[in-house]
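Survey of secondary and tertiary structure
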Amino acid sequence: MTTIGLTTRDVARELARRYSTMTHEELDVLESILVPMKFQKGEVILKEGEVCKNIYWVVKGLVRQFYFKNGKELTEYMAVENTICMSIESLFKELPSHQQIQAIEPSIIFALPKAKLEKEAVRNVNIQMLYRKILEESLILSQVHADMLRFESAQERYAKLVKRSPQLVLRAPLVYIASYLQMTPETLSRVRNSALVDDRG
């Protein structure tokens, strides 16, 4: 499949470049696993109560992972281009997900079905390495986010997000950014204005 100038082979190469060295034959295997998907703005990729069966690689667009608590939406994670997204607990326990994944922008995503990935990982060391590195990255990102919320001030949290993911800060609605950083939209506005003044100063 060709999409936005990228073929499934291009996506397989990018995943290999990022996570594991691969031969042409191994790239063939990875390419055969990948499933292209297209979502409109606001469309749900994974519903609450569904079992997450895929690891999602965002090729174009912006997606968010969120859940409901006391009737409020709380944003857990957001992914821009060349980023992985999944409901990791649902994926591994094969239980209904408490989280939802939704496209914030029109998005093109390639799914890596867990069942097929694991089947190939058993007989292919580089596919196994790719799988492991993806999971390691996901766990590290979760830990970094948890530590940021535990130990850093609102200003520090915002500054870290700007440094780590400037595209996210530019494109995601403020209400989602505020929720992700666990602050009110009003606090986020004050922090942003303060950061702008500091930059100009």
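Up top is the structure these notes are about.
Numbering of residues starts from 1 in every chain and runs along the sequence as written. Given that this is a predicted model, residues contribute local features only at a pLDDT of at least 70 and side-chain atom pairs are listed and counted only at 80 or more, while totals for whole chains, interfaces and linings are drawn from all residues. Hydrogens are left out, water is left out, and the side-chain values use all remaining heavy atoms of the structure.

Side note on the nonpolar core
Counted only if it meets this: What is meant by a nonpolar core is a set of buried Ala, Val, Leu, Ile, Met, Phe, Trp, Tyr and Cys residues, joined one to another through side-chain atoms within 4.5 Å. Partly exposed residues are those whose accessible area sits between 20% and 50% of the maximum for their type, while under 20% is buried and over 50% is exposed, using a 1.4 Å probe and protein chains only. Every residue pair with non-hydrogen atoms within 4.5 Å of one another is taken to be in contact.
Membership of the largest hydrophobic core comes to 40 residues, with the highest contact counts inside it found for Leu15, Ile55 and Leu112. Residue contacts for isoleucine 55: discarding those within four places in its chain leaves Ile84, Cys85, Met86, Leu91, Phe110, Ala111, Leu112, Leu117, Tyr131, Ile134 and Leu135. Ile104, Val169, Ala172 and Val191 belong to the second largest nonpolar core, which has 19 residues in total.

Side note on the sheet that holds strand β10 (residues 107–113)
Within a beta sheet, neighbouring strands are joined by backbone hydrogen bonds and run either parallel or antiparallel to one another. Rule in force here: At least two DSSP bridges between two strands are needed for those strands to be called paired. The helix and strand labels rest on DSSP assignments: H or I over at least four residues marks a helix, E over at least two residues marks a strand, and numbering proceeds from the N terminus. Lines fitted to C-alpha atoms define the axes, with helix axes restricted to the stretch in contact, and inter-axis angles between N-to-C directions lie between 0 and 180 degrees.
The sheet built from four strands is open, its strands ordered β3-β10-β5-β8 with antiparallel pairing. A single partner strand is all that each edge strand has here, and the edge strands are β3 (35–39) and β8 (83–85). Between one strand axis and the next, the sheet turns through 35° on average, direction left out of account. Taken together, the three bridges between strand β5 (residues 54–60) and β8 define a ladder with antiparallel strand orientation. Of the residues in β8, the one forming a bridge with valine 58 is threonine 83.

As for the pattern of salt bridges
We count it as follows: The salt bridge definition used is simple: a Lys or Arg side-chain nitrogen within 4 Å of an Asp or Glu carboxyl oxygen.
In the structure shown here, the tally under the stated rule is 15 salt bridges. The residue glutamate 120 makes a salt bridge to arginine 123 at a minimum N-O spacing of 2.9 Å. With glutamate 120 and arginine 123 both in helix α4 (residues 114–123) and three residues apart, the pair spans about one turn of that helix. Accessibility expressed as a relative area gives 16% for glutamate 120, which makes it buried. Counted as one network, the salt bridges with shared partners bring together Arg9, Asp28 and Glu31.

Quick notes on the packing of helix α2 (residues 24–33) against helix α5 (residues 125–151)
Definition in use: Every angle not falling under 35 degrees, over 145, or within 65 to 115 is termed oblique; those three ranges are roughly parallel, roughly antiparallel and roughly perpendicular. For a crossing to be left-handed, the near helix must be turned anticlockwise from the far one by less than a right angle; the clockwise case is right-handed. Residue classes follow a fixed rule: Ala, Val, Leu, Ile, Met, Phe, Trp, Tyr, Cys and Pro count as nonpolar, while Asp, Glu, Lys and Arg count as charged, and any other residue, Gly among them, counts as polar.
Packing of α2 against α5 brings their axes to within 10 Å, and their N-to-C directions diverge by 50°. With respect to each other, α2 and α5 are oriented oblique. The two elements α2 and α5 cross, and the hand of that crossing is right-handed. Within the contact between the two elements, α2 uses Glu26, Val29 and Leu30 and α5 uses Asn126, Ile127 and Leu130. The class makeup of the residues in the contact of α2 with α5 is four nonpolar, one polar and one charged.

Quick look at the packing of aromatic side chains
Heads up, the rule is: Each aromatic pair joins two rings of Phe, Tyr and Trp (for Trp, the six-membered one) with centres within 6.5 Å, and gets the label stacked for planes under 30 degrees apart, edge-to-face for over 60, and tilted for any other angle. By the criterion adopted, a ring carries a charge over it if an Arg CZ or a Lys NZ lies within 6 Å of its centre and within 35 degrees of its normal.
The final tally for this structure, using the stated rule, is two aromatic pairs. Ring geometry for tyrosine 19 against tryptophan 57: centres 6.3 Å apart, planes inclined by 80°, an arrangement best described as edge-to-face. With tyrosine 19 in helix α1 (residues 8–19) and tryptophan 57 in strand β5, this pair connects stretches of sequence that are 38 residues apart. Across the pair, tryptophan 57 and tyrosine 19 agree in class, each one buried. Consider the rings of phenylalanine 66 and phenylalanine 68, whose centres lie 5.8 Å apart with planes at 75°: the pair is edge-to-face. On the accessibility criterion, phenylalanine 66 (4% relative accessible area) is buried. Classification of phenylalanine 68 as partly exposed rests on a relative accessible area of 41%. The side chain of arginine 64 reaches across the aromatic face of phenylalanine 66, ending 3.8 Å from its centre. Over the aromatic face of tyrosine 176 sits the side chain of arginine 64, whose NZ or CZ is 3.9 Å from the ring centroid.

So, unusual backbone geometry
Positive phi, close to 50°, is recorded for asparagine 70, a residue that is not glycine. By secondary structure assignment, the location of asparagine 70 is in the loop between β6 (63–69) and β7 (72–79).

Things to note about the sheet that holds strand β9 (residues 100–103)
Spatially, four strands are ordered β4-β9-β6-β7 in an open sheet, and the strand pairing comes out antiparallel. The sheet is open, and its two borders are formed by β4 (44–46) and β7, each paired with just one other strand. Mean inter-strand twist for the sheet, computed between neighbouring axes without regard to direction, equals 35°. Where β6 lies against β7, seven bridges are found, and the strand directions are antiparallel. Looking across to β7, one finds that phenylalanine 66 is bridged to threonine 75.

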